[in-house]
Amino acid sequence: MAKKAMTTAKTTAKTTARKKYAALLRGINVGGNKKVPMAELRSLLEGLGHGDVRTYLQSGNAVFSSVRQDPTDLARELEAAIEAHFGFRVACLVLDGTYLRGVAEACPFPAAELEGKQLHVTFCSEQPGRERFAALDEAAYLPEEYRIGDRVVYLHVPEGLGRSKLAEALAKPAVVKGLDVTTRNWNTVAKLVELTAP
């Protein structure tokens, strides 16, 4: 009987264990548009029942812990809360720490040898099929390069993102139609991996 009770207790602990997530908001606080103060974002996340809430920079990066296990549901709930509070829609991606660590470890470019501004990751709401990139002449954009990963596109831009022609091409509707996408530089990716570590 005691053994059964112990097993039940372990099962309950597993199901209620809090998991760490990062929420990435797209296109906020840019040029005075879609202003989302980080303090208010933290309050929204806490109001949704999440714990350990922190934000990073002003560009829409938050981390939190939750007993819930479905990142898509968490993202839709956050989007609804933001729209109800601020009056506009913001696309959100919610990613767990294990996934983020996997994205960092799978980077096909030598991240340790590059400046943060030279390496970016575009996170996608779904896996982008290779057919989306069929019209891109990769050789025409060299030395800029991209690689497709697990629901991400890695982008190596030696001169930074601001003047990148490849980044422009990858943002065209033919590539991103039907996807929610948001891009972060490598420094931010590394920080989010750190903040969502177990």
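Right, let's walk through the structure included here. All figures in this text were calculated on a predicted structure; none of them were measured in a lab.

**Observations concerning the packing of helix α2 (residues 38-47) against helix α3 (residues 71-86)**
- The interhelical angle for the contact between α2 and α3, taken along N-to-C directions, is 125°, at an axis separation of 10 Å. Overall, the two elements α2 and α3 adopt an arrangement that is oblique. The two elements α2 and α3 cross, and the hand of that crossing is right-handed. Only L78, A81, I82, H85 and F86 of α3 make contact with α2, whose side of the interface consists of E40, L41, L44 and L45.
- Grouping the constituent residues of the contact of α2 with α3 by class yields seven nonpolar, one polar and one charged.

**Remarks on the nonpolar core**
- By size, the foremost hydrophobic cluster in this structure holds 22 residues, and its most contacted members are L25, L41, F64, L78 and I82.
- Among the secondary structure elements, those contributing two or more residues to this core are β1 (19-25), α2, β3 (61-66), α3 and β4 (92-96).
- Element by element, the count of residues in this core is highest for α3, at six residues.
- Those residues within four positions of L25 in sequence are excluded, and the remaining contacts are L41, S59, G60, L78, I82, V90, A91, C92, T182 and R184.

**Concerning the sheet that holds β1**
- Ordered by their spatial adjacency, four strands build an open sheet running β2-β3-β1-β4, and the pairing between neighbours is antiparallel. Looking at which strands have only one partner, the edges of the open sheet turn out to be β2 (51-56) and β4. Mean inter-strand twist for the sheet, computed between neighbouring axes without regard to direction, equals 20°.
- Its contacts with the sheet place α2 against β1, β2 and β3, and it is angled at close to 155° to β2.

**Digging into the pairing of β4**
- Counting buried positions along β4 gives five out of five residues, so the element sits mostly inside the fold.
- Of the pairings in the sheet, the one linking β1 to β4 comprises five bridges and is antiparallel in character. When the bridges of β4 are listed, A23 appears paired with V94.

Rules used in this analysis
- Residues numbered from 1 in each chain as written.
- Predicted model: local features only at pLDDT ≥ 70, side-chain atom pairs only at ≥ 80, totals over all residues.
- Heavy atoms only, no water.
- Axes fitted to C-alpha atoms, helices over the stretch in contact; angles between N-to-C directions.
- Helix = DSSP H or I, 4+ residues; strand = E, 2+ residues; numbered from the N terminus.
- Parallel < 35°, antiparallel > 145°, perpendicular 65-115°, else oblique.
- Left-handed = near helix turned anticlockwise from the far one by under 90°.
- Contact = heavy atoms within 4.5 Å.
- Nonpolar A, V, L, I, M, F, W, Y, C, P; charged D, E, K, R; others polar.
- Core = buried A, V, L, I, M, F, W, Y, C linked by side-chain atoms within 4.5 Å.
- Buried < 20%, exposed > 50% of the residue type's maximum accessible area, 1.4 Å probe, protein only.
- Pairing = 2+ DSSP bridges.

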